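# Coordinates in review
Here are the chains, one letter per residue:
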Amino acid sequence: MNQTASATRQPPTIGYDDGVKPLAVTVKTTSRITGLGESTIWAMIADGRLECARVGRRTLPLMKSIEKMLGLSAA
């Protein structure tokens, strides 16, 4: 039986193969992790619900803030 690509698609993972979890990720990755649209992520950044780091011209949401938003952290 032939399986489609969508049937075998895995959810996005947080971290890397070497076990090191990133401190911050791109808005696009945040969107994939949370299932929210990029415009929603930008709105959350603008109103302070999502903490970010600025690196040059890049805006990177912090993983601790993403985890807190999703209820995955104790704090």
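Read on for an overview of the structure. (Residues numbered from 1 in each chain as written. Predicted model: local features only at pLDDT ≥ 70, side-chain atom pairs only at ≥ 80, totals over all residues. Heavy atoms only, no water.)

### What about the environment of Lys 68?
Test applied: Strands here mean DSSP runs of E at least two residues long; helices mean DSSP runs of H or I at least four residues long; both are numbered from the N terminus.
Position of Lys 68 among the secondary structure elements: in helix H4 (residues 63-70). Note: C-alpha distance between Lys 68 and Leu 50 (18 residues apart in sequence) is 9.1 Å.

### Overview of helix H2 (residues 27-34)
Think of an α-helix as 3.6 residues a turn; residues three or four steps apart then line up on the same face. Our working definition: Three exposure classes are used, based on accessible area relative to the maximum for each residue type with a 1.4 Å probe and protein chains only: buried under 20%, partly exposed in between, and exposed over 50%. Arc definition: directions from the helix axis to the C-beta atoms. Here, residues are in contact when the closest pair of their heavy atoms is within 4.5 Å.
Listed as buried for H2 are Val 27, Thr 30, Ser 31, Ile 33 and Thr 34. Along the axis of H2, the buried residues cluster in a sector spanning 165 degrees; they form a single face. The outward face of H2, more than 90 degrees from its buried face, is lined by the exposed residues Lys 28 and Arg 32. Buried residues in H2 make contact with helix H3 (38-46), strand E2 (58-61) and H4. Immediately downstream of H2, the backbone of Gly 35 shows phi near 85 degrees, a positive value.

### With respect to the packing of H2 against H4
Between two packed helices, the angle of one axis relative to the other and the distance separating the axes together describe the packing. We count it as follows: For helices, the axis comes from a line fit to the C-alpha atoms of the stretch in contact; other axes are also lines fit to C-alpha atoms, and the angle between any two N-to-C directions lies between 0 and 180 degrees. Angle categories: roughly parallel below 35 degrees, roughly antiparallel above 145, roughly perpendicular from 65 to 115, and oblique for all the rest. Handedness of a crossing is defined here by the sense of rotation of the near helix relative to the far one, left-handed for an anticlockwise turn of less than a right angle and right-handed for a clockwise turn. When residues are sorted by character, Ala, Val, Leu, Ile, Met, Phe, Trp, Tyr, Cys and Pro go into the nonpolar class, Asp, Glu, Lys and Arg into the charged class, and all the rest, Gly among them, into the polar class.
Interaxial distance between H2 and H4 falls to 11 Å at its minimum, and their mutual angle equals 25 degrees. In this view, H2 runs roughly parallel relative to H4, as classed from their interaxial angle. Between H2 and H4 the crossing geometry is right-handed. Of the residues in H4, those in contact with Thr 30, Ile 33 and Thr 34 of H2 are Met 63, Ile 66, Met 69 and Leu 70. Broken down by class, the residue content of the contact of H2 with H4 amounts to five nonpolar, two polar and no charged.

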